[in-house]
Amino acid sequence: MDDYPLLNLFWTMLWFFVWIMWLFLLFKVVTDIFRDHDLNGWAKAGWLIFCIVLPYLGVLVYVIARGKSMSQRDVKQAKESEAAFQSYIREAAGTQEGGGGSAAAELARLAELKDKGAITPEEFQQAKAKVLA
């Protein structure tokens, strides 16, 4: 351990961290190349070859040239994922988009109408059977 000073260890760890961050960026760029629907096949192949043949320069040029649209695609994908998740939650909870509620909420509303006298007990039973059917 005496022949490898602490400062050298620090520099080694720093370069290792930079290398890992570059790998992360490389994978992000490659996935963005395939995710972009605006690029045609030849453009995707060109960017991919550029990033493979000259990896550091290719990634740097891609981020400079297409970084803004890269972030816009990330935001768009996040919004689509959130909308799909919210739709799944609504479907699983049994609620509809149009302001309708679950069966329990509908039964509570019907019971309230019956208590107020707005509907008769027979109408309540019919509506209840309809909701539960």
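Scroll up for the structure.
Presented here is an overview of the structure given in this document. (Residues numbered from 1 in each chain as written. Predicted model: local features only at pLDDT ≥ 70, side-chain atom pairs only at ≥ 80, totals over all residues. Heavy atoms only, no water.)

This next bit is on the overall build of the protein. Broken down by element type, the protein carries five helices and zero strands. Each helix and strand of the protein, placed in order from N terminus to C terminus, yields the pattern α-α-α-α-α. Relative to a compact globule of 133 residues, whose C-alpha radius of gyration would be 14 Å, the protein shows 29 Å and is clearly more extended. Taking the principal axes of the C-alpha coordinates as reference, the protein spans close to 90 × 50 × 20 Å. (Helix = DSSP H or I, 4+ residues; strand = E, 2+ residues; numbered from the N terminus. Rg over C-alpha atoms; globule rule 2.2 N^0.38 Å.)

Right, let's get into the side chain of Arg-66. Along the chain, Arg-66 turns up in helix α3 (residues 55-93). Accessibility expressed as a relative area gives 16% for Arg-66, which makes it buried. Excluding residues that lie within four positions of it along the chain, Arg-66 makes contacts with Asp-36, Leu-39, Trp-47 and Arg-73. (Buried < 20%, exposed > 50% of the residue type's maximum accessible area, 1.4 Å probe, protein only. Contact = heavy atoms within 4.5 Å.)

Moving on, we get to helix α2 (residues 41-53). The periodicity of an α-helix, 3.6 residues per turn, causes residues three or four places apart in sequence to face the same way. With 13 residues, α2 should cover 18 Å at 1.5 Å per step; its first-to-last C-alpha distance of 18 Å lies within 8% of that length. In this structure, the buried residues of α2 make contact with α1 (6-35) and α3. Among the residues of α2, the N-terminal cap falls to Asn-40, whose side-chain oxygen and the backbone nitrogen of Trp-42 are separated by 3.3 Å. (Expected span 1.5 Å × (residues − 1). Polar contact = N/O pair within 3.5 Å; in protein donor to acceptor, adjacent residues only side chain to side chain.)

It is worth spelling out the side chain of Asp-36 at this point. Position of Asp-36 among the secondary structure elements: in the loop between α1 and α2. Not counting residues within four places of it along the chain, the set of residues in contact with Asp-36 comprises Lys-44, Arg-66 and Arg-73.

With respect to the helices and strands, Val-59 occurs in helix α3. For Val-59 and Leu-14, which are 45 residues apart along the polypeptide, the C-alpha to C-alpha distance reads 20 Å. What Val-59 contacts, discounting residues up to four positions off in sequence, is Trp-22, Leu-25, Leu-26, Val-29 and Cys-51.

Here we take up the nonpolar core. Of all hydrophobic cores here, the largest spans ten residues; its members are Trp-22, Leu-26, Val-29, Ile-33, Leu-39, Trp-47, Cys-51, Val-59, Tyr-62 and Met-70. Where this core is concerned, the elements lending two or more residues are α1, α2 and α3. Of all the elements, α1 adds the most residues to this core, at four residues. (Core = buried A, V, L, I, M, F, W, Y, C linked by side-chain atoms within 4.5 Å.)

Glancing now at the packing of α1 against α2. Closest axis-to-axis distance for the α1/α2 pair is 9 Å, and the angle between their directions is 165°. The orientation of α1 with respect to α2, classified from their angle, is roughly antiparallel. The handedness of the crossing between α1 and α2 is left-handed. Here Leu-26, Val-29, Val-30, Ile-33 and Phe-34 of α1 lie close against α2, whose contacting residues are Lys-44, Trp-47, Leu-48 and Cys-51. Residue composition of the contact of α1 with α2, grouped by class: eight nonpolar, no polar and one charged. (Axes fitted to C-alpha atoms, helices over the stretch in contact; angles between N-to-C directions. Parallel < 35°, antiparallel > 145°, perpendicular 65-115°, else oblique. Left-handed = near helix turned anticlockwise from the far one by under 90°. Nonpolar A, V, L, I, M, F, W, Y, C, P; charged D, E, K, R; others polar.)

Right, let's talk about the environment of Leu-26 for a bit. Position of Leu-26 relative to the elements: it lies in helix α1. Linking Leu-26 and Phe-85, residues 59 residues apart in sequence, is a C-alpha distance of 29 Å.

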